[in-house]
Amino acid sequence: MPRMPLPGRTLNRSLLAPDGAPVVLIESLDVAAGQRVTFSVISVGERWRQGLFIATEGAVRIGDEERDQWIVWTDSAPPQVDVEIVKTDGKLVFYNIWDSGRSKGRESQSHTSGMYLEVHDDGVRRYACNDIGFDPDFTSLVFDVELHR
């Protein structure tokens, strides 16, 4: 059975950022083969294990391995992860994930999860994530994404 194509950027219609801005549930950035993207963890909340799902229609390389999809947990990866786009449909998709320890394994895309985006003057994109809970504080995982041309 063929796999479903990766989604484009998706907003969480149930959650707003503290300033009232939309919250990104799934991010999709324009990329090209040969491009590098750096993910840098700024902070991780203490409640649960946190991480990122990263994918493209094609292949991305982290270290010496190429895959179309990656799970990067903050407790087992270095604080800065360089991703090389090997081949792609032009989109790099990512979103926050967590493991609450409730025997569900990797969790994501909940009613109250998402990423609050701030773009800095230097073009670095900062994502502040909420996992679950009706009182979102966007401190579950904070990370920067830098696109290198």
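See the structure printed just above.
Residues numbered from 1 in each chain as written. Predicted model: local features only at pLDDT ≥ 70, side-chain atom pairs only at ≥ 80, totals over all residues. Heavy atoms only, no water.

## Brief notes about the overall build of the protein chain
- When its secondary structure is counted, the protein chain shows zero helices and ten strands.
- The order of helices and strands in the protein chain, counted from the N terminus, is β-β-β-β-β-β-β-β-β-β.
- At 15 Å, the protein chain has a C-alpha radius of gyration in line with the 15 Å of a compact globule built from 149 residues.
- Considered along the principal axes of its C-alpha atoms, the protein chain spans approximately 40 × 40 × 30 Å.
- Each of the 149 residues in the protein chain was classed as buried or not, and the buried ones make up 44%.
- Taking the intrachain contacts of the protein chain between residues at least 6 apart in sequence as the baseline, contacts between residues at least 24 apart amount to 61%.
- Here the protein chain displays about 8,000 Å² of accessible surface, and carbon together with sulfur accounts for 49% of that area. (Helix = DSSP H or I, 4+ residues; strand = E, 2+ residues; numbered from the N terminus. Rg over C-alpha atoms; globule rule 2.2 N^0.38 Å. Buried < 20%, exposed > 50% of the residue type's maximum accessible area, 1.4 Å probe, protein only. Contact = heavy atoms within 4.5 Å. Areas by Shrake-Rupley, 256 points an atom, 1.4 Å probe, with all protein chains shown as cover.)

## Section: the nonpolar core
- Counting residues in each nonpolar core, the largest one holds 30 residues, and the members touching the most others are Phe39, Ile54, Leu92, Phe94, Met115, Phe143 and Val145.
- Of all elements in the fold, only strand E2 (22-30), strand E3 (36-44), strand E4 (49-62), strand E5 (65-73), strand E6 (80-87), strand E7 (91-99), strand E9 (125-130) and strand E10 (141-148) reach the threshold of two or more residues within this core.
- In terms of residue count, E4 provides more of this core than any other element does, six residues in total.
- Those residues within four positions of Phe143 in sequence are excluded, and the remaining contacts are Phe39, Ser40, Val41, Ile42, Leu52, Phe94, Met115, Arg125, Arg126, Tyr127 and Cys129.
- Formed by seven residues, the second largest nonpolar core is a distinct cluster that contains Val23, Tyr116, Ala128 and Val142. (Core = buried A, V, L, I, M, F, W, Y, C linked by side-chain atoms within 4.5 Å.)

## Some details on the side chain of Gln35
- For Gln35, the location among the structural elements is in the loop between E2 and E3.
- When residues no more than four places from it in sequence are discounted, the contact partners of Gln35 are Asp30, Val83, Glu84, Ile85, Leu147, His148 and Arg149.

## Some points on the pattern of salt bridges
- Summed over all chains, the structure comprises ten salt bridges.
- Glu66 serves as the salt-bridge partner of Arg61, at 2.3 Å between the closest nitrogen and oxygen.
- Residue class for Glu66 comes out partly exposed when judged on its relative accessible area of 42%.
- Residue Glu84 pairs with Arg61 through a salt bridge whose shortest N-O separation is 2.8 Å. (Salt bridge = Lys/Arg side-chain N within 4 Å of Asp/Glu carboxyl O.)

## Digging into the environment of Arg9
- In this structure, Arg9 sits in the segment before strand E1 (10-16).
- Taking the C-alpha atoms as reference points, Arg9 and Tyr95, 86 residues apart in sequence, are found 9.9 Å from one another.
- Discounting chain neighbours no more than four positions away, the residues touching Arg9 are Val24, Ile26, Glu27, Ser28, Leu117 and Arg125.
- A polar atom in the side chain of Arg9 sits 2.8 Å from the side chain of Glu27. (Polar contact = N/O pair within 3.5 Å; in protein donor to acceptor, adjacent residues only side chain to side chain.)

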